[in-house]
Amino acid sequence: MPLRPLPAAWRSHAGRNLPRYTSYPTAVAFEPAVGEAEARTWLAATRAHQPISAYVHVPFCKRLCWYCGCATSVFHEYDRVRAFFQTLMLEVDLWADAIGPHAGAAHLHFGGGSPNALSPEDFKALVGRMAERFALRPGAEVAAELDPGMLTEAFIDAAGEAGVTRASLGVQTFDPDVQARVNRIQPFDMVAAANERLRKVGVSAINFDLMYGLPGQTPENVAASTEAAITLRPDRVAVFGYAHVPWMKKHQVMIKEADLADGDGRWAQAEAADETLRAAGYVRIGLDHYALPEDPLTVAAAAGRLRRNFQGYTDDPAPVLVPIGPSSIGRFAEGFVQNATATDAWAREVEAGRLPVARRLPVSAEDELRASVIERLMCDLTVDVAAVCRAHGFADATLDSSIVAAGRLQRDGLCVVSGRVIRIPAEAHRVMRVVAACFDARLPLAASRHARAV
């Protein structure tokens with residue numbers, strides 16, 4: 001079946017630099033924090049009946065992938081990582097000591113970098129400390145993002161013993177030429193072996209991350225990589241577009257502009273992955289996720305319970321996210337905080353007994369309103385704006401100027417506006433951020449830091 005080409009009317013929209021809306025306001029709006037007092041006040045205000053979540057950022061990798069946009073660095077001697085781990089354990093205690101009453105942790109997420117940069121023993125100790133200090137709830141999800149090319153059997157065993165329930169493997173592509181061009185060599189058999197062993201030790205849910213827009217990628221080799229991934233039957237697949245920002249990530253200069261597809265080529269690659277996954281029975285979730293029909297994410301989407309947070313799409317309803325590790329972002333009822341990005345600055349604060357908060361942003365009632373509208377568009381592809389306004393205590397007409405802006409996109413087929421109800425057609429899901437951006441009152445901030453819409 002021929003791939004659906006990028007509609008001409010969408011070409012300019014697809015090339016826009018826009019936030020991924022994993023939060024609103026987005027992180028570019030955060031401001032410098034003055035000390036830790038505000039964060040401690042927000043942290044102490046948790047509710048006894050509400051569960052919490054925690055995110056841990058491990059800013060180390062054993063190899064540098066040239067496409068990477070993460071806050072990470074390559075280590076050569078484990079002494080550096082061990083010192084980081086020891087400080088990380090101190091930070092867990094700082095947050096746990098300062099937090100108010102809550103109903104336990106419903107979700108622990110370990111990202112990076114690569115959490116498997118930690119030794120098996122240190123990773124298991126970290127999960128155990130967090131489970132104890134944050135009162136891990138029965139049936140809680142413990143998720144880890146792992147680099148399959150550097151994943152040892154000992155680490156997989158430790159993950160199973162630690163109670164990891166979901167692993168996300170950064171597959172990206174199985175094409176050997178593309179892997180060589182981005183310095184991420186990991187043959188299919190290596191990923192297959194990791195997938196099998198993870199399931200054997202009790203990690204019952206496996207996610208794969210795939211990418212399009214990498215150097216040397218074509219619709220054909222994207223489809224081939226997706227077909228290979230499907231044979232391993234991951235529970236979820238995320239398909240992300242490569243963001244080429246060498247002015248921000250210097251190592252991306254190793255990727256030649258001439259090897260990158262244009263907007264139409266990127267669209268075709270994304271279409272190839274989409275068609276392959278849906279033909280295999282995966283359900284499209286929001287912007288870029290796919291899941292098996294029985295997966296909790298699919299169930300949450302069907303029930304209108306899908307959420308959007310810094311890890312992407314989730315069924316985690318916890319209103320509080322505790323940030324641990326350099327650059328981690330936290331969420332509280334009153335606003336957002338972000339830890340110091342530089343590992344040395346982060347460590348100095350923790351070792352002095354202070355929460356390592358470097359940036360913050362209180363959220364207003366209008367921010368919360370706009371965030372809700374954007375989240376429903378990103379999750380459900382439809383939103384009754386007036387109903388959301390009333391739920392937040394605002395008049396129905398509060399966001400009418402944003403609805404007018406969305407109406408201007410209607411002529412290009414990006415959405416359908418009926419009164420104060422907006423619907424994004426399924427075929428326009430890949431450009432949904434363009435519609436969501438109509439409700440972003442802070443959009444002019446640092447547009448160059450955002451990825452292309454497609």
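What comes next concerns the included structure. (Residues numbered from 1 in each chain as written. Predicted model: local features only at pLDDT ≥ 70, side-chain atom pairs only at ≥ 80, totals over all residues. Heavy atoms only, no water.)

## Some remarks on helix H7 (residues 188-200)
Put simply, the test is: Going along the chain from the N terminus, every DSSP run of H or I of four or more residues is numbered as a helix, and every run of E of two or more is numbered as a strand. Working rule for helices: expected span equals 1.5 Å times residues minus one. Exposed residues in this analysis have more than 50% of their type's maximum accessible area, buried residues have under 20%, and partly exposed residues fall in between, with area computed by a 1.4 Å probe over protein chains only. Think of the arc as the fan of directions from the helix axis to the C-beta atoms. Throughout, a residue-residue contact means that at least one pair of heavy atoms, one from each residue, lies within 4.5 Å.
In this model H7 runs 18 Å from its N-terminal to its C-terminal C-alpha over 13 residues, within 8% of the 18 Å that 1.5 Å per residue would give. Those residues of H7 lying buried are Val-191, Ala-192, Ala-194, Asn-195 and Leu-198. The buried residues of H7 all sit within an arc of 165° when viewed along its axis, so they share a single face. Exposed residues lying more than 90 degrees from the buried face of H7 are Asp-189 and Lys-200. Tucked inside the fold, the buried residues of H7 contact strand S7 (136-146), helix H5 (153-162), strand S8 (166-172) and strand S9 (205-212). Where H7 terminates, the next one or two residues include Gly-202, which has phi positive at roughly 105°.

## Examining the packing of helix H3 (residues 78-98) against helix H11 (residues 343-351)
Just so we agree on the cut-off: Between N-to-C directions, angles cover 0 to 180 degrees, with each direction set by a line fitted to C-alpha atoms, over the stretch in contact for helices. Our angle categories are set so that under 35 degrees counts as roughly parallel, over 145 as roughly antiparallel, 65 to 115 as roughly perpendicular, and the remainder as oblique. The sense of a crossing depends on the near helix, which, turned anticlockwise from the far helix by less than a right angle, makes the crossing left-handed and, turned clockwise, makes it right-handed. Gly is placed with the polar residues, together with every amino acid not listed as nonpolar (Ala, Val, Leu, Ile, Met, Phe, Trp, Tyr, Cys and Pro) or charged (Asp, Glu, Lys and Arg).
It is the contact of H3 with H11, at a shortest axis distance of 9 Å, that shows an interaxial angle of 50°. Here H3 lies oblique to H11, going by the angle between them. In this structure, H3 meets H11 at a crossing whose hand is left-handed. Of H11, the residues touching H3 (which contributes Phe-84, Thr-87, Leu-88, Leu-90, Glu-91 and Leu-94) are Thr-343, Trp-346, Ala-347, Val-350 and Glu-351. Class assignment of the residues belonging to the contact of H3 with H11 gives a composition of seven nonpolar, two polar and two charged.

## Remarks on the pairing of S9
This is how the line gets drawn: By this definition, two strands are paired if DSSP reports at least two bridges between them.
Burial of S9 is extensive: eight of the eight residues sit out of reach of the surface. Along S9, one buried face is formed by Ala-205, Asn-207, Asp-209 and Met-211 and the opposite face, lined by Ile-206, Phe-208, Leu-210 and Tyr-212, is buried too. Both S8 and S9 contribute to a ladder of six bridges, which runs parallel. The partner of Ala-167 across the bridge, within S9, is Ile-206. In the sheet, S9 pairs with strand S10 (residues 236-241) via six bridges, with the strands oriented parallel.

## Considerations on the environment of Arg-137
Mapped onto the elements, Arg-137 comes out in strand S7. The exposure class of Arg-137 is partly exposed, given its relative accessible area of 35%. For Arg-137, the contacting residues outside a window of four places in its chain are Pro-51, Ala-103, Gly-104, Ala-105 and Ala-106.

## Comments concerning the packing of aromatic side chains
Quick reminder of the rule: When two rings of Phe, Tyr or Trp (its six-membered ring) have centres within 6.5 Å they constitute a pair, described as stacked for plane angles under 30 degrees, edge-to-face for angles over 60, and tilted for the intermediate range.
Counted by the stated rule, this structure contains ten aromatic pairs. With a centroid separation of 6.3 Å and an interplanar angle of 90°, the aromatic rings of Phe-60 and Phe-75 are classed as edge-to-face. Taken as a pair, Phe-60 in strand S4 (residues 60-61) and Phe-75 in the loop between strand S5 (73-74) and H3 lie far apart in primary sequence, 15 residues in all. We note that Phe-60, like Phe-75, is buried. With 5.3 Å between their ring centres and 75° between their planes, Phe-60 and Phe-84 make a pair best called edge-to-face. Linking Phe-60 in strand S4 with Phe-84 in helix H3, this pair joins segments that are 24 residues apart in sequence. You'll find Phe-60 and Phe-84 in the same group, each marked buried.

## Examining helix H14 (residues 400-410)
Those residues of H14 that sit buried are Ser-402, Ile-403, Ala-405, Ala-406 and Leu-409. On an axial view of H14, the arc spanned by its buried residues comes to 155°, and they lie on one face. Residues of H14 that are buried sit in contact with helix H1 (11-14), helix H12 (365-380), helix H13 (385-391), strand S20 (416-418), strand S21 (421-423) and helix H15 (432-436).

## Looking at unusual backbone geometry
Between Tyr-24 and the following residue, Pro-25, the backbone shows a cis peptide bond with an omega angle of -5°. By the secondary structure assignment, Pro-25 is in the loop between strand S1 (17-18) and strand S2 (31-32). With a phi angle near 55°, Ala-135 is a residue other than glycine that sits in the positive phi range. Residue classification places Ala-135 among the partly exposed residues on the basis of a relative accessible area of 42%. At Gln-172, a residue that is not glycine, the phi angle is positive and equals roughly 70°. Along the chain, the position of Gln-172 falls in strand S8.

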